[in-house]
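Fold and contact review
Each chain is listed here by its residues.
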Amino acid sequence: MNEKKVLITGAGGRIGNIICPILADIYNLRFFDTKKLKSIKNEEIFIGNILDMKSLQTAMEDIDVVIHLAAISDEDDFVNKILPINIQGTYNVLEAAKNSKVKKVILASTIQTIWNYPNNKIITTDMPSRPFNLYACSKLFGENAGKYYSEKFGISVICLRIGYMLPYGHEWLEDSEKKKSWTSPNDLIQIINKCIDNEDLKYEIFFAISENENAYLDISNLKKKLNYKSIDGIKNSNVEDSL
């Protein structure tokens, strides 16, 4: 087992439920969630809220890497939900990481940060963002705050713009547009593993998607910097097998 200690906020959420059982075989995990979670392999379980700085600080003691998943995960009431959780909460996570001398923070962002581009145009992470909604704007706050904390305080911050995170066989994968930006469970876990283990990344934004045919999101930097090789990308020739 890798000796790195990894804290996962929102470990009991949709993505957390998929990646935690796999990561538990690789790293020493600590879960942070608003509800009591079951241990997979004797992980430490912390019940808390990312709006509570004290509980965050306690959970980050002796942690090497934070994977920040806790969020309002789509468009919702901005003032009462998105603003406190996605903006104040993300600030709290980064500030607690700085105070706790955490070496690396992986932020879950979204491809909705560029959804106002036409999807017949190849989009790179170097291009200006074009957020689709206020949820995407809140994720861009995280990306920019992450850049500040990386440059100002030396924390490695990696922002993963996650696509359609859908389980194998999901009915939405029959939609030709959604297939272009599918993020398979295996590929997301691979990307996270590579982000955790790479010691050279200072600040990066990656489109965290599988290598799907006709994709309009460029993942060349993911391949170059992480040696990423997609396992589950959808091709016209294997659509039936993938579904």
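The structure this text deals with has already been given above.
The structure reproduced in this document is the subject of the present report. (Residues numbered from 1 in each chain as written. Predicted model: local features only at pLDDT ≥ 70, side-chain atom pairs only at ≥ 80, totals over all residues. Heavy atoms only, no water.)

Comments concerning the packing of aromatic side chains
- One pass over the full model with this rule turns up seven aromatic pairs.
- Centre to centre, the rings of Tyr149 and Phe153 are 5.3 Å apart; their planes meet at 45 degrees, and the pair counts as tilted. Here Tyr149 and its partner Phe153 are both found in helix α4 (residues 134-153), four residues apart, which amounts to about one turn of the helix.
- With a relative accessible area of 5%, Tyr149 lands in the buried category.
- Each residue in the set Trp115, Phe132, Tyr164 and Trp172 is aromatic and connected to the rest through ring pairs, giving one cluster.
- The lysine or arginine in question, Lys98, covers the ring of Phe153, its NZ or CZ lying 4.8 Å from the ring centre.
- Above the ring of Trp172, the side-chain terminus of Lys178 is found at 5.1 Å from the ring centroid. (Phe/Tyr/Trp six-rings, centres within 6.5 Å; stacked < 30°, edge-to-face > 60°. Helix = DSSP H or I, 4+ residues; strand = E, 2+ residues; numbered from the N terminus. Buried < 20%, exposed > 50% of the residue type's maximum accessible area, 1.4 Å probe, protein only. Lys NZ or Arg CZ within 6 Å of the ring centre and 35° of its normal.)

Description of helix α1 (residues 14-23)
- Looking at α1, one finds that the buried residues are Ile15, Gly16, Ile19, Cys20 and Leu23. Angular distribution of buried residues about the axis of α1 spans 110 degrees; they occupy a single face of the element. Residues of α1 that are exposed and point over 90 degrees away from its buried face: Arg14 and Asn17.
- Packing partners of the buried residues in α1 comprise β1 (5-9), β2 (28-33), β4 (65-68), β6 (156-162), β7 (164-165) and α6 (185-197). (Arc of directions from axis to C-beta. Contact = heavy atoms within 4.5 Å.)

A short note on the pairing of β1
- The buried fraction of β1 is high, at four of five residues.
- Inspection of the sheet shows β1 paired to β2 by five bridges, in the parallel sense. Bridge pairing in β2 links Ile8 to Phe31.
- In this fold, the crossover linking β1 to β2 by way of α1 has right-handed handedness.
- Across four bridges, β1 lies against β4 in parallel orientation. Across the sheet, the residue bridging to Val6 is Val65, located in β4. (Pairing = 2+ DSSP bridges. Right-handed = clockwise from strand over helix to strand, strands pointing away.)

As for the side chain of Gln190
- In this fold, Gln190 is placed in helix α6.
- Every residue in contact with Gln190, bar those within four places of it in the chain, is listed here: Tyr228, Lys229, Ser230 and Ile231.

Brief notes about the packing of α1 against α6
- The interhelical angle for the contact between α1 and α6, taken along N-to-C directions, is 60 degrees, at an axis separation of 10 Å. Regarding α1 and α6, the two cross each other, and that crossing is right-handed. On α6, the residues touching Ile15, Ile18, Ile19, Ile22 and Leu23 of α1 are Pro185, Leu188, Ile189, Ile192 and Asn193. (Axes fitted to C-alpha atoms, helices over the stretch in contact; angles between N-to-C directions. Left-handed = near helix turned anticlockwise from the far one by under 90°.)

Things to note about unusual backbone geometry
- Backbone geometry at Asp62 places phi at a positive 65 degrees, although glycine is not the residue there.
- Looking at the secondary structure, you find Asp62 in the loop between α2 (53-59) and β4.
- Residue class for Asp62 comes out exposed when judged on its relative accessible area of 53%.

Remarks on the packing of helix α3 (residues 78-99) against α4
- One can describe the packing of α3 onto α4 by two numbers: an axis separation of 10 Å at closest approach and a directional angle of 15 degrees. In terms of orientation, α3 and α4 fall into the roughly parallel class. The element α3 and its partner α4 pack so that their crossing is right-handed. Counted together, Phe78, Ile82, Asn86, Ile87, Thr90, Tyr91, Leu94, Glu95 and Lys98 of α3 and Leu134, Tyr135, Ser138, Phe141, Gly142, Ala145, Gly146, Tyr149 and Phe153 of α4 form the full contact between these two elements. (Parallel < 35°, antiparallel > 145°, perpendicular 65-115°, else oblique.)

Section: the pattern of salt bridges
- This structure, assessed with the given rule, holds 12 salt bridges.
- The salt bridge partner of Glu44 is Arg30, with a shortest N-O separation of 2.9 Å. Taken together, the residues span a long stretch of sequence, with Glu44 in strand β3 (residues 44-47) and Arg30 in strand β2 at a distance of 14 residues.
- Judged by its relative accessible area of 8%, Arg30 is buried.
- A salt bridge links Glu151 to Lys147, with the nearest nitrogen and oxygen atoms 3.2 Å apart. Within this pair, Glu151 and its partner Lys147 are both found in helix α4, separated by four residues, close to a single helical turn. (Salt bridge = Lys/Arg side-chain N within 4 Å of Asp/Glu carboxyl O.)

These figures come from the coordinates and say nothing about function on their own.
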